[in-house]
Amino acid sequence: MTYRIDRIPSDHGLVLRISGRLVEENLETVRMALDEHRVVAIELAEVELVSREAVKLLIQVEAEGIELRSCPAYVREWITNELGSS
């Protein structure tokens, strides 16, 4: 499995649960999912690998108010480092 996006309805909007590899070639699908509905959170517990481009997208969506749930520690550290270097 390269990656998978599950759309889970919640009381406040949609939660995207992403599994597998979140890399550049998958980001357009993620962006389309973000545009389709009112996404309130992205669940990242099952993410195995992320690219730098994916980290940039996660920074952007978090700045827009979308919660990053169960963000792996290495991804959170990468986000923090990217924010510190900009």
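Residues numbered from 1 in each chain as written. Predicted model: local features only at pLDDT ≥ 70, side-chain atom pairs only at ≥ 80, totals over all residues. Heavy atoms only, no water.

Visitor: Please clarify how the overall build of the chain should be interpreted in this entry.
Guide: A tally of helices and strands in the chain yields 3 helices and 4 strands. Reading the chain from its N end, one meets helices and strands in the order β-β-α-β-α-β-α. In terms of overall size, the chain behaves like a compact globule, its C-alpha atoms giving a radius of gyration of 12 Å where 86 residues would be expected to give roughly 12 Å. Taking the principal axes of its C-alpha atoms as reference, the chain extends roughly 35 × 30 × 20 Å. Restricting to contacts in the chain with at least 6 residues of sequence separation, those with at least 24 account for 64%. When the accessible area of the chain is evaluated, it comes to approximately 5,200 Å², of which 46% is carbon and sulfur surface. (Helix = DSSP H or I, 4+ residues; strand = E, 2+ residues; numbered from the N terminus. Rg over C-alpha atoms; globule rule 2.2 N^0.38 Å. Contact = heavy atoms within 4.5 Å. Areas by Shrake-Rupley, 256 points an atom, 1.4 Å probe, with all protein chains shown as cover.)

Visitor: Where do I start with the nonpolar core in this structure?
Guide: Nonpolar side chains in soluble globular proteins generally cluster together in the buried interior. Grouped together as the largest cluster of nonpolar side chains are 25 residues, with contacts concentrated most on Leu16, Leu22, Leu34, Ile42, Leu58 and Ile79. Looking at this core, the elements with two or more residues in it are β2 (14-22), α1 (27-36), β3 (39-50), α2 (52-63) and α3 (73-85). The element best represented in this core is α2, accounting for 6 residues. Residues within four places of Leu58 in sequence aside, it is in contact with Leu22, Ile42, Leu44, Leu68, Val75 and Ile79. (Core = buried A, V, L, I, M, F, W, Y, C linked by side-chain atoms within 4.5 Å. Buried < 20%, exposed > 50% of the residue type's maximum accessible area, 1.4 Å probe, protein only.)

Visitor: Would you mind showing me how to read the pairing of strand β1 (residues 3-9) here?
Guide: Where a strand is regular, its side chains alternate between the two sheet faces. Relative to β2, β1 runs antiparallel, the two being bridged by 7 bridges. Bridge pairing links Ile8 to Val15 in β2. Connecting β1 to the antiparallel partner β2 that follows it, the hairpin turn spans 4 residues, and Gly13 within it adopts a positive phi of roughly 155°. (Pairing = 2+ DSSP bridges.)

Visitor: What is the right way to look at the environment of Ile18 in this model?
Guide: Of note, Ile18 is situated in strand β2. Residues Ile18 and Tyr74, spaced 56 residues apart in sequence, show a C-alpha to C-alpha distance of 16 Å. Ignoring anything within four residues of it in the chain, the contact list for Ile18 reads Arg4, Ile5, Val30, Ile42, Glu43, Leu44, Glu46 and Val47.

Visitor: Could you clarify how one ought to interpret unusual backbone geometry in this entry?
Guide: Keep in mind that most residues, glycine aside, have a negative phi and that most peptide bonds are trans. Positive phi outside glycine occurs at Ser70, with the angle close to 50°. By relative accessible area, Ser70 is classed as partly exposed at 45%.

Visitor: Would you mind showing me how to read the pairing of β2 here?
Guide: Burial within β2 is extensive, with 7 of its 9 residues counted as buried. Pairing of β2 with β3, which is carried by 8 bridges, proceeds in the parallel orientation. By the bridge assignment for β3, Ser19 is matched with Glu46.

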